[in-house]
Amino acid sequence: AEKNCKGCHIIENLGGDIRAYLGIDGQLNWPPSLNTQGQKTQPEWLRTFLKAPGDNRPRPWLDIRMPTFHFTEHQINVIGQYFATLDKVDWGWIDPGVTSTPERLKEGKELFDELKCISCHPTGTVVAGADAGVAPNLQLAHVRLRPEWIRTWLLDPGKIAPNTRMPSFFPVDSATGKPKTQIPEILNGDVDEQIRAIRDYLFTLGGGRVSTD
């Protein structure tokens, strides 16, 4: 409360007052929602970010930038534990690696290409398309994101971040009440397997540690 985090960010579905000032036309400059932040980011990345936001920006195009508050280690731990408690996850070091197979990585890349992720997300080594700058650099995924959060995000981005420009690639089928895929020919249309393949491939970008069976 002291730093007025909710003035910029949505936390526990409250706040984000700056969005009204920027308006819908300024959506690309909206500070990100911090819903599921505890489940989303790796503790070490969040700790590094809070120490120096200007040096660790996942969205470097934003005109509005988070100030450097010069948090102490104790304050950083309090913030991290707060988000971790909200999402019922551990606050501390986690293993950022994933285990996959060469076949799954290949299928993950096929899905990544078919869904045209690069049209919005740069990867550091590949320049994004016409909408470059509307989404975080996926080269940071392996150091920034918790692997299990990616599944939650891909299943329903709008539930975590209302008004996000991220499309829902796995909408709920009204007939079955279960998520369905747009690409049934890959991995037999198994939604869980497709999301796992995408996750595994994302963790190879930027030199992430992916062990293969």
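Above this text you will find the structure in question.
Residues numbered from 1 in each chain as written. Predicted model: local features only at pLDDT ≥ 70, side-chain atom pairs only at ≥ 80, totals over all residues. Heavy atoms only, no water.

**Quick look at the overall build of the protein chain**
Rules: We count a stretch as a helix when DSSP gives it H or I for four or more residues in a row; a strand needs E for two or more, and each element gets its number in order from the N terminus. Partly exposed residues are those whose accessible area sits between 20% and 50% of the maximum for their type, while under 20% is buried and over 50% is exposed, using a 1.4 Å probe and protein chains only. Two residues qualify as a contact provided that any one of their heavy atoms is within 4.5 Å of a heavy atom in the partner residue. Per-residue and other accessible areas follow the Shrake-Rupley method at a 1.4 Å probe size, with only the shown protein chains counted as cover for residues.
Of the regular secondary structure elements, the protein chain holds nine helices and four strands. The order of α-helices and β-strands along the protein chain, N terminus first, is β-β-α-α-α-α-β-α-α-α-α-α-β. Seen through its C-alpha atoms, the protein chain measures out along the principal axes to roughly 50 × 40 × 35 Å. Considering the protein chain as a whole, with its 213 residues, one finds that 42% of them fall into the buried category. Partitioning the contacts of the protein chain with sequence separation of at least 6, the portion at a separation of at least 24 is 57%. Accessible surface, the protein chain as shown: approximately 11800 Å² in total, 53% of it carbon and sulfur.

**Regarding the packing of helix α3 (residues 43-51) against helix α4 (residues 73-87)**
Basically, it comes down to this: Every axis corresponds to a line fitted to the C-alpha atoms, with the helix fit spanning only the stretch in contact, and the corresponding angles, defined between N-to-C directions, vary from 0 to 180 degrees. These descriptions rest on fixed angle ranges, namely under 35 degrees for roughly parallel, over 145 for roughly antiparallel, 65 to 115 for roughly perpendicular, and the rest for oblique. Whether a crossing is left-handed or right-handed is set by the direction in which the near helix is turned from the far one by less than a right angle, anticlockwise for left-handed and clockwise for right-handed. Only Asp, Glu, Lys and Arg are considered charged, only Ala, Val, Leu, Ile, Met, Phe, Trp, Tyr, Cys and Pro nonpolar, and every remaining residue, Gly among them, polar.
Two numbers describe how α3 lies on α4: the axes approach to 10 Å, and their chain directions differ by 130°. One finds that α3 runs oblique with respect to α4. Considering the relative orientation of α3 and α4, their crossing is right-handed. Where α3 abuts α4, its residues Leu46, Arg47, Leu50 and Lys51 lie against Glu73, Ile76, Asn77, Ile79 and Gly80. A per-class count over the contact of α3 with α4 returns four nonpolar, two polar and three charged.

**Thoughts on the state of the cysteines**
Covalent bonding between the sulfur atoms of two cysteines is what defines a disulfide. Counted only if it meets this: Throughout, disulfides are identified as pairs of cysteine sulfur atoms within 2.5 Å of each other.
For the structure shown, the criterion picks out zero disulfides. Looking at cysteine 5, it has no disulfide partner, and the nearest cysteine sulfur is the one in cysteine 8, 8.6 Å off. With no disulfide of its own, cysteine 117 has cysteine 120 as its nearest cysteine by sulfur position, at a separation of 8.9 Å.

**Describing the side chain of histidine 142**
To keep it simple, the criterion reads: For the purposes of these results, a polar contact is taken to be a pair of N or O atoms within 3.5 Å, where, inside protein, one atom must be able to donate a hydrogen and its partner to accept one; residues adjacent in sequence count only when each atom of the pair is a side-chain atom.
Within the secondary structure, histidine 142 is located in helix α6 (residues 141-144). Residue class for histidine 142 comes out buried when judged on its relative accessible area of 13%. Within the structure, the side chain of histidine 142 is placed 3.3 Å from the backbone oxygen of glutamine 139, a separation counted as a polar contact.

**With respect to the nonpolar core**
The line we're drawing: What we call a nonpolar core is a set of buried Ala, Val, Leu, Ile, Met, Phe, Trp, Tyr and Cys residues that are connected through their side-chain atoms within 4.5 Å.
Grouped together as the largest cluster of nonpolar side chains are 29 residues, with contacts concentrated most on Ile150, Trp153, Leu154, Phe170, Ile198 and Leu202. Of all elements in the fold, only α5 (102-114), α7 (147-155) and α9 (191-202) reach the threshold of two or more residues within this core. Other than its neighbours up to four places away in sequence, leucine 202 contacts Phe112, Leu138, Ala141 and Ile150. Membership of the second largest hydrophobic core comes to eight residues, among which are Trp45, Phe49, Ala84 and Trp91.

**Points about the pattern of salt bridges**
Two side chains carrying opposite charge are able to pair once their charged atoms lie near each other. Note the following rule: By definition, a salt bridge exists where a carboxyl oxygen of Asp or Glu is found within 4 Å of a side-chain nitrogen of Lys or Arg.
As enumerated under the stated definition, the model contains eight salt bridges in all. A salt bridge links arginine 47 to glutamate 44, with the nearest nitrogen and oxygen atoms 3.0 Å apart. Placement of the pair is arginine 47 and glutamate 44 together in helix α3, with a separation of three residues, close to one helical turn. Of the charged contacts in the structure, one is a salt bridge between lysine 106 and glutamate 110, with a shortest N-O distance of 2.7 Å. Residue lysine 106 and its partner glutamate 110 are both found in helix α5; the two are separated by four residues, about one turn of the helix. Under the relative-accessibility criterion, lysine 106 is labelled exposed at 54%. Connected via shared salt-bridge partners are Glu44, Arg47, Lys51 and Glu73.

Geometric descriptors of this kind do not, in isolation, establish any biological role.
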